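Secondary and tertiary structure notes
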Amino acid sequence: MLPNSKSKTLYVGTYTRHESHVAGHAEGIYVYQFDPATGQLRHQSTIQGVVNPSFVTVEPGGNYLFSVNELTREEEGSGTVSAFAIDPATGNLAFLNKQPTGGLAPAYVSTDQNGRYLFVANYITGNVAVFPVQANGKLLPASDHKQHHGSGPDPRQDGPHAHSILPDPTGQFILSADLGTDQILVYGFDDQNGKLVPHDPAFISVPAGSGPRHMAFHPHRKSLYVVTECASTILVFAYDGSLGQAHHIQTISTLPDEFTGFSAGADIHFLPNADGRFLYASNRGHDSIAIFEVNPQTGRLTLRGHVPTQGKGPRNFAIDPAGNYLLAANQDTDSVVVFRINKENGELTPAGESYQIPSPVCLRFAPN
């Protein structure tokens with residue numbers, strides 16, 4: 001099926017094989033066409049033969065997609081990261097090449113604002129890597145690696161576990177949330193040579209046992225928001241992009257006060273086209289999306305409620321570019337569920353659509 005002029009392409013990263021931490025049974029990267037008028041998805045194609053493409057990203061120009069290959073077995077030596085060309089007419093993917101990431105279980109990938117460099121976080125080995133991107137979308141070997149060090153009080157924090165990495169809005173600094181060390185590592189970035197430059201201070205500390213996972217910068221304010229896996233909280237920081245420094249101003253739970261079971265914070269995103277008024281975070285265990293309103297003067301959060309994701313293990317979620325729909329990926333029950341967004345109060349209501357997709361992990365819309 002060819003996309004129509006109004007549809008948006010959605011890419012679904014998955015687990016394709018059983019690992020120590022997951023039972024994956026998908027076939028690869030799934031390509032869907034999303035109708036922004038109705039919130040409906042239609043399957044476009046499946047890119048097979050890609051091992052554990054658990055996290056994907058599309059460079060800002062919309063010409064190339066990059067996927068980690070989350071390999072965790074020591075005998076394999078290293079995970080890899082793969083590059084694909086995007087067909088502008090169909091959204092389908094064509095494999096270009098791949099490179100070793102220099103660590104096990106690469107779990108996150110992002111690009112700089114110009115799509116010239118790719119950043120990867122290796123979860124098991126707790127290190128990060130930088131890859132130059134050629135003009136044709138192919139990846140060169142890593143231009144830099146940095147190893148994290150440390151541990152934390154939670155059993156999941158037995159050593160460094162880099163869980164995400166992304167540039168700040170200025171492009172001058174690269175931040176990496178390390179779940180194992182309770183730190184947000186801060187690096188300067190040499191974009192001439194693709195090097196991560198030591199920064200002073202070298203990291204932003206978070207409360208012991210928090211386990212920082214994913215991050216989001218406010219679209220207009222100088223604020224950084226970090227969702228934690230171990231503590232199921234969002235940490236709010238005032239962020240100075242000229243210095244690469246942050247000041248903690250709030251910690252707020254992603255769970256209801258009355259909840260007492262196990263849950264782990266996972267993903268975090270702002271509602272686009274709403275002046276940064278609403279922020280969402282996913283809970284695995286409570287199996288919900290938490291809805292927050294952002295104070296426009298202070299950047300502090302107020303919890304507005306929770307919506308069940310109608311499945312288990314909402315690892316990641318995505319909001320369509322127009323900000324009308326939120327799509328939740330229930331990894332443990334093989335479903336992607338669509339919710340309609342009320343832009344006036346941030347509330348979510350089921351759109352009546354649930355799609356059976358095996359082992360969905362990451363949802364990513366093409367930017368154009």
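In case you missed it, the structure is sitting above this.
Residues numbered from 1 in each chain as written. Predicted model: local features only at pLDDT ≥ 70, side-chain atom pairs only at ≥ 80, totals over all residues. Heavy atoms only, no water.

**A short note on the nonpolar core**
- Grouped together as the largest cluster of nonpolar side chains are 54 residues, with contacts concentrated most on Tyr11, Leu65, Leu93, Leu118, Leu175 and Leu224.
- Not counting residues within four places of it along the chain, the set of residues in contact with Leu224 comprises Leu175, Ile204, Met215, Ala216, Phe217, Leu235, Val236, Phe237 and Tyr239.
- Leu41, Tyr355, Ile357 and Leu363 belong to the second largest nonpolar core, which has 18 residues in total. (Core = buried A, V, L, I, M, F, W, Y, C linked by side-chain atoms within 4.5 Å. Buried < 20%, exposed > 50% of the residue type's maximum accessible area, 1.4 Å probe, protein only. Contact = heavy atoms within 4.5 Å.)

**Observations regarding the sheet that holds strand β7 (residues 64-69)**
- Read across the open sheet, the four strands follow the order β6-β7-β8-β9; overall the sheet is antiparallel. The sheet is open, and its two borders are formed by β6 (56-58) and β9 (93-100), each paired with just one other strand. In this sheet, neighbouring strand axes are inclined to one another by 20° on average, regardless of whether the strands run parallel or antiparallel.
- Bridging between β6 and β7 involves three bridges; their strand directions are antiparallel. Considered in β7, the bridge of Val58 is made with Leu65. (Pairing = 2+ DSSP bridges. Helix = DSSP H or I, 4+ residues; strand = E, 2+ residues; numbered from the N terminus. Axes fitted to C-alpha atoms, helices over the stretch in contact; angles between N-to-C directions.)

**Observations concerning the layout of surface pockets**
- In this structure, the largest pocket occupies an estimated 1,300 Å³ of space.
- As for the largest pocket, its lining consists of 43 residues, and the residues nearest its centre are Thr57, Tyr108, Leu166, His269 and Arg364.
- If you list the elements that add at least two residues to the lining of the largest pocket, you get β6, β10 (106-111), β14 (162-167), β18 (212-217), β22 (264-270), β26 (314-319) and β30 (360-365).
- Partitioned by chemical class, the residues of the lining of the largest pocket number 26 nonpolar, ten polar and seven charged.
- There is about 590 Å³ of room inside the second largest pocket.
- Looking at the second largest pocket, it is lined by 27 residues, and the ones nearest its centre are Tyr15, His21, Glu229, Arg284 and Arg315.
- By residue class, the composition of the lining of the second largest pocket is ten nonpolar, nine polar and eight charged. (1 Å grid on protein atoms, 1.4 Å probe; cavity = no way out; pocket = protein on both sides within 12 Å on 5 of 7 lines; lining within 4 Å. Points joined across faces, edges and corners; volume = space filled by probe spheres on them. Nonpolar A, V, L, I, M, F, W, Y, C, P; charged D, E, K, R; others polar.)

**Looking at empty space enclosed by the protein**
- In total, this model carries one cavity of 30 Å³ or more according to the counting rule given.
- Elements with a contribution of two residues or more to the lining of the largest cavity: β18 and β26.

**As for the sheet that holds strand β27 (residues 325-330)**
- The sheet built from four strands is open, its strands ordered β26-β27-β28-β29 with antiparallel pairing. Of all strands in the sheet, those with a lone pairing partner are β26 and β29 (348-356), marking the two edges. Averaged over all pairs of adjacent strands, the angle between their axes in this sheet comes to 20°, without regard to strand direction.
- Here five bridges tie β26 to β27, and the two strands are oriented antiparallel to one another. Residue Phe317 lies in a different strand from β27, and its bridge partner there is Ala328.

**Side note on the environment of Ala266**
- Topologically, Ala266 is positioned in strand β22.
- Classification of Ala266 by relative accessible area gives buried; the value is 0%.
- Between the C-alpha atoms of Ala266 and His214, which are 52 residues apart in sequence, the distance is 7.1 Å.
- Apart from the residues lying within four places of it in its own chain, the contact partners of Ala266 are Arg213, His214, Val227, Ser282, Arg284, Pro314 and Arg315.

**A few points about unusual backbone geometry**
- Here the bond from Asp200 into Pro201 is cis, since omega is 0°, no more than 30 degrees from zero.
- Residue position: Pro201 is located in strand β17 (residues 195-205).
- Residues other than glycine seldom take positive phi values, yet Ala105 does so here, at roughly 55°.
- Assignment of secondary structure puts Ala105 in the loop between β9 and β10.
- Look at Ala105 and you get buried, because its relative accessible area is 1%.
- Unlike most non-glycine residues, Asp334 shows phi in positive territory, near 55°.

**Brief notes about the side chain of Glu229**
- If you trace the backbone, Glu229 turns up in the loop between β19 (223-228) and β20 (233-240).
- The buried category is assigned to Glu229, whose relative accessible area is 9%.
- Reaching out from Glu229, the side chain makes a polar contact with the side chain of Arg284 at a distance of 3.4 Å.
- Apart from the residues lying within four places of it in its own chain, the contact partners of Glu229 are Arg156, His163, Leu179, Ser210, Gly211, Arg213, Ser263, Ala264, Gly265 and Arg284. (Polar contact = N/O pair within 3.5 Å; in protein donor to acceptor, adjacent residues only side chain to side chain.)

**So, the environment of Asp334**
- Positionally, Asp334 belongs in the loop between β27 and β28 (335-341).
- A sequence separation of 285 residues divides Asp334 from Gly49, and the C-alpha atoms of the two residues are 19 Å apart.
- Leave out the neighbours within four places in its chain, and Asp334 touches His25, Tyr355, Gln356, Ile357, Pro358, Ser359 and Pro360.
- A polar contact of 3.0 Å, which involves the side chain of Asp334, links it to the side chain of His25.

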